[in-house]
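The chain contents come next:
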Amino acid sequence: MAKNFLRIFLAVTLLSGCKAGQQANHPSYPLDPVIEKKIDSLLKLMTLEEKIGQLNQLSGMGELTGPSIASSDHAQLIRQGLLGSMLNVNGAKATRQLQEIAINESRLKIPLLFGYDVIHGYKTIFPIPLGEAASFDLEAIEQASRIAATEAAAAGQHWTFAPMVDIARDPRWGRVMEGAGEDPFYGSLVAKARVKGFQGKNLADKNTIAACAKHFVAYGGAMAGRDYNTVDISERTLYEVYLPPFQAALDAGVATFMVAFNELNGIPMSAHKDLNVDLLKKTWGFGGFMVSDWGSVGEMIAHGYSATPEDAALAGFKAGVDMDMESRLYVAHLKNLVEKGLVNEKEIDEAVRRILRIKFRLGLFDDPFRYCDTIYEKEMLLNPRHLEFAKISACKSMVLLKNQEVLPLSREIKSIALIGPMADNQQDMLGTWQGQGEAHHAITLLSGIKQKLPHARILYAKGCDFTGNDKTGFAEALNAARNAEVIVVAAGESAMMSGEALSRTQLDLPGMQKDLIIELSKLGKPMVVVLFNGRPLTIEWMDQSIPAILEAWLPGTMGGPAIADVLFGDYNPSGKLPITFPRNVGQIPLFYYHKNTGRPTNDAQRYTSRYIDSPSTPLYPFGYGLSYTTFEISTPELSATSMGPSDSLLVSVKIKNTGNRKGSEALQMYIQDKFGSVNRPVRELKAIKRVDLEPGQETVVKFAIHPSDLAFYTADMTFKAEPGEFVVFVGSDSNTQLQAGFSLKL
Ligand code: NOJ
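Predicted, not measured: the structure shown is a model, and the values here were computed from it. (Residues numbered from 1 in each chain as written. Predicted model: local features only at pLDDT ≥ 70, side-chain atom pairs only at ≥ 80, totals over all residues. Heavy atoms only, no water.)

Notes on the nonpolar core
- If you look at the biggest cluster of nonpolar residues, it comprises 198 residues, and the most contacted ones within it are Phe216, Val217 and Leu567.
- Per-element accounting of this core gives the leading share, 7 residues, to helix α15 (residues 345–361).
- If we ignore the near neighbours within four places in the chain, the residues touching Phe216 are Leu243, Phe246, Phe257, Met258, Val259, Ala260, Met269, Leu275, Asn276, Leu280, Trp284 and Met290.
- Residues Ile633, Met669, Val701 and Val728 belong to the second largest nonpolar core, which totals 24 residues. (Core = buried A, V, L, I, M, F, W, Y, C linked by side-chain atoms within 4.5 Å. Buried < 20%, exposed > 50% of the residue type's maximum accessible area, 1.4 Å probe, protein only. Helix = DSSP H or I, 4+ residues; strand = E, 2+ residues; numbered from the N terminus. Contact = heavy atoms within 4.5 Å.)

Some words on the site of the ligand
- Taken together, Leu87, Asp117, Phe161, Arg175, Lys214, His215, Met258, Phe261, Asp293, Trp294, Met325 and Glu500 make up all the residues around the ligand.
- Within the side chain of Lys214, a nitrogen or oxygen atom sits 2.7 Å from an oxygen atom of the ligand.
- With respect to the ligand, the side chain of Asp293 contributes an N or O atom lying 2.6 Å from an oxygen atom.
- Out of a free accessible area of 300 Å², the ligand has 94% covered by protein chains.
- Here the residues of the shell around the ligand are counted per class, giving 6 nonpolar, 1 polar and 5 charged. (Near = heavy atom within 4 Å. Polar contact = N/O pair within 3.5 Å; in protein donor to acceptor, adjacent residues only side chain to side chain. Areas by Shrake-Rupley, 256 points an atom, 1.4 Å probe, with all protein chains shown as cover. Nonpolar A, V, L, I, M, F, W, Y, C, P; charged D, E, K, R; others polar.)

Some points on the packing of helix α13 (residues 309–318) against helix α14 (residues 329–339)
- Where α13 contacts α14, the axes come no closer than 9 Å and their chain directions differ by 85 degrees. Taken together, the axes of α13 and α14 are roughly perpendicular relative to one another. Residues Pro309, Glu310, Ala312, Ala313, Leu314, Gly316 and Phe317 of α13 pack against Leu329, Tyr330, His333, Leu334, Asn336 and Leu337 of α14. (Axes fitted to C-alpha atoms, helices over the stretch in contact; angles between N-to-C directions. Parallel < 35°, antiparallel > 145°, perpendicular 65-115°, else oblique.)

Re helix α7 (residues 138–154)
- In this model α7 runs 24 Å from its N-terminal to its C-terminal C-alpha over 17 residues, within 8% of the 24 Å that 1.5 Å per residue would give.
- Among the 17 residues of α7, 13 are classified as buried, and the element is accordingly described as predominantly covered.
- Positioned one or two residues after α7, Gly156 has a phi angle of 90 degrees, which is positive. (Expected span 1.5 Å × (residues − 1).)

Let's talk about the domain arrangement of the protein chain
- Under the domain assignment used here, the protein chain contains domain 1 (393–587) and domain 2 (631–744).
- Distance between the C-alpha centres of domain 1 and domain 2: 35 Å.
- Counting from both sides, the interface comprises 6 residues of domain 1 and, opposite them, 9 residues of domain 2.
- When the two sides are added together, the surface that domain 1 and domain 2 hide from each other amounts to roughly 510 Å², 39% of it contributed by carbon and sulfur. (Domains from an automatic or database assignment. Buried area = accessible area lost by both parts, 1.4 Å probe.)

Re the packing of aromatic side chains
- For the coordinates displayed, the defined rule picks out 26 aromatic pairs.
- Judged by centre distance (4.9 Å) and plane angle (70 degrees), the rings of Trp159 and Phe161 are edge-to-face. Considered together, Trp159 and Phe161 belong to a single accessibility category, that of buried residues.
- Every member of this aromatic cluster is reached through a ring pair, and the members are Tyr29, Phe216, Phe246, Phe257, Trp284 and Phe286.
- The ring of Tyr670 is capped by Arg683, whose NZ or CZ atom sits 5.9 Å from the centre of that ring.
- It is Arg683 that lies over the ring of Phe729; its NZ or CZ is 3.7 Å from the centre. (Phe/Tyr/Trp six-rings, centres within 6.5 Å; stacked < 30°, edge-to-face > 60°. Lys NZ or Arg CZ within 6 Å of the ring centre and 35° of its normal.)

Points about the side chain of Arg354
- With respect to the element layout, Arg354 can be found in helix α15.
- In this structure Arg354 comes out as buried when scored by relative accessible area, which is 2%.
- Here the side chain of Arg354 touches Phe286 through a polar contact of 2.8 Å, landing on its backbone oxygen.

Some details on the sheet that holds strand β9 (residues 289–291)
- Spatial strand order, β5-β6-β9: 3 strands in an open sheet with parallel pairing. On the outer flanks of this sheet lie β5 (212–216) and β9, each paired with one strand and no other. Each adjacent strand pair in this sheet contributes to an overall mean axis angle of 25 degrees, direction not counted.
- Bridge count between β5 and strand β6 (residues 256–259): 3 bridges; the pairing is parallel. Each residue of the ladder has a partner; that of Cys212, found in β6, is Thr256. (Pairing = 2+ DSSP bridges.)

Here we look at the environment of Asp709
- Among the secondary structure elements, Asp709 is positioned in the loop between β23 (698–705) and β24 (712–713).
- For Asp709, a relative accessible area of 23% gives the class partly exposed.
- As for Asp709 and Glu379, which are separated by 330 residues in sequence, their C-alpha atoms are 45 Å apart.
- Leave out the neighbours within four places in its chain, and Asp709 touches Lys686 and Ala704.

Focus on the environment of Leu550
- Here Leu550 lies in strand β16 (residues 548–551).
- The spatial distance from the C-alpha of Leu550 to the C-alpha of Thr505 is 23 Å, given a sequence separation of 45 residues.
- Among all residues touching Leu550, those that are not within four sequence positions of it are Met398, Val399, Leu400, Val529, Val530, Leu531, Ile563, Val566 and Leu567.

As for the sheet that holds strand β14 (residues 486–492)
- Spatially, the 6 strands line up as an open sheet ordered β11-β16-β15-β14-β12-β13, and their pairing is mixed. Each having just a single partner strand, β11 (399–403) and β13 (457–461) make up the two edges of the open sheet. Mean inter-strand twist for the sheet, computed between neighbouring axes without regard to direction, equals 15 degrees.
- Here 5 bridges tie strand β12 (residues 415–419) to β13, and the two strands are oriented parallel to one another. Each bridged residue has a counterpart across the sheet, and for Ile416 the counterpart in β13 is Ile458.

Observations regarding helix α9 (residues 235–242)
- Most of α9 sits inside the fold, with 7 of its 8 residues counted as buried.
- The set of residues buried in α9 consists of Glu235, Arg236, Leu238, Tyr239, Glu240, Val241 and Tyr242.

As structure tokens, then:
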């Protein structure tokens, strides 16, 4: 496969008019000649050891805030110019202390670069990224990243290890919570929005930080959804599904990339020269730098790829990994490798140049302390405007999965039973990767409802835990439910059930929660389950027995008030699923963008592609989400039924709010290419348009289709549209049957 890749890359390189081996600069990385000259001069002053020091990144975790910082091993390395970047050092004060060592005590005074996992907020925590993605609202996603960057930069950070742009089609994988779901097109839009949000217009601004597209590449393809597992996928799947969001992040000017832990078709990504160097750096023209994942260079020994730490350092470095996070192998071996003639010092200069380029762009050489201002930090962290937006963002992330006339709840209600392990739980509200978020700042659902209905009786009972088989809390919960007009259950996964190294084989509600909900439902009262989870759950039973289900994900600091707004109708839910909810684990992987097969699924017919013990369809499809109002959408009308190479088509649909509340619908346009030189998926998302409509209001929404929207990697891997027949679908989810046909004539 490696040879194959190279063949294709060279072909693409030649096609794009640039010689193999020569770096093409991507338009989003125009080189600044002044900076490049400064780097030239600096490189001339640096010893080989100091150069290698710039490639070294270590974590400050556990020794960040105390006065002992200055005496740590790290301080000594900084002084000697052997440490260029740190992660997990938090706060303007702690970062200043270390930066002072770099500036005042190291020979060349090269500023340190501080990185941190600012994944869905720094101190003000937003919904987990999968939840944010459910907003189908790119401006809101960008704004949340903007605020996260503002807080992080105020607390001394220069760089976030985000966005994670891995496409995730296996909900067993714990890291589905960290991305934008299953679809490459939507994933690309979200990747761009997040990069723009973190990086703003200018990296040197005081409220922007460098972003990092991770994990390059195909980390989400881990076999059986087990984190870090082997990835074995076709070249076509790599190009069609996993690479596009990285390309989108690059187009948005992302400053850095992180390599993935996994091997891809036999080669660890930390050694994947074809993809890291030939594709990303040369063909795509990426001008920033690439960091390893935590210890991933050293892990190549366990992979069975490198026999010794020195081999691993050589393989990682040669494969374009500029910065070594935490394995310390570059500092240990690169000098030796240069002396042995296996690495050329010029190659080291190139890696150092990439890192210094980002340090210059961040403005660190002008003022290394520009991000270390404790007064500004205080003003920015948990700033009321940030909290307000965290609430809006949580409202937008919520997806109404089912509603049989239970929601919204009336404000006239006198008594509510609020039950479940998430009902009054601050810690788990924040989800994993909670940055510097603190549980005591999170507002729970119990507090949110109390604020909303100060005069109602709220009967709270936890009922059970997330795990274990203890049912002793059931009696109290049932008693509360008997004495209330309405039952609200807050159930799901704890924060530590999704995220890194948190894969699951069972995707139903863990512990005794299902039993509890079933017992409560037997009371026959109006009942709603609010779900808190970092991945799709298999809740077919719930869909069959509970009248209302609201997906709230892990909603962050302001989750409680946001959910209360939705429950009581102050906010009309409009979120859409960015990932399919299967009925059961056996259906996984299940996603809308699949092929038809020669025997298309028909659950009523024997010899078709189906299961004998379960429907083949999802429980809730990609793009699905209800509202408190209803929308009527017309069959799409086309401006023409065929188009030529330089034409475009307009697709129009009428949408009417047929209910009695104002509402917002995310209209989605999908296209099917009916016949191709390679089989195409049954449909592919091509556009999303949000419309806000008053009750009774109607509007016409238009989508344009250009031949470039129909392009794909054809049989010979050229990216182009092929003439033929197409179907365009428009509607409120990926299952819409509203369609029209057209042809492309070339
Ligand atoms: C490992 C994770 O895979 C990566 O996403 C993260 O950025 C690093 N650790 C640093 O914490």
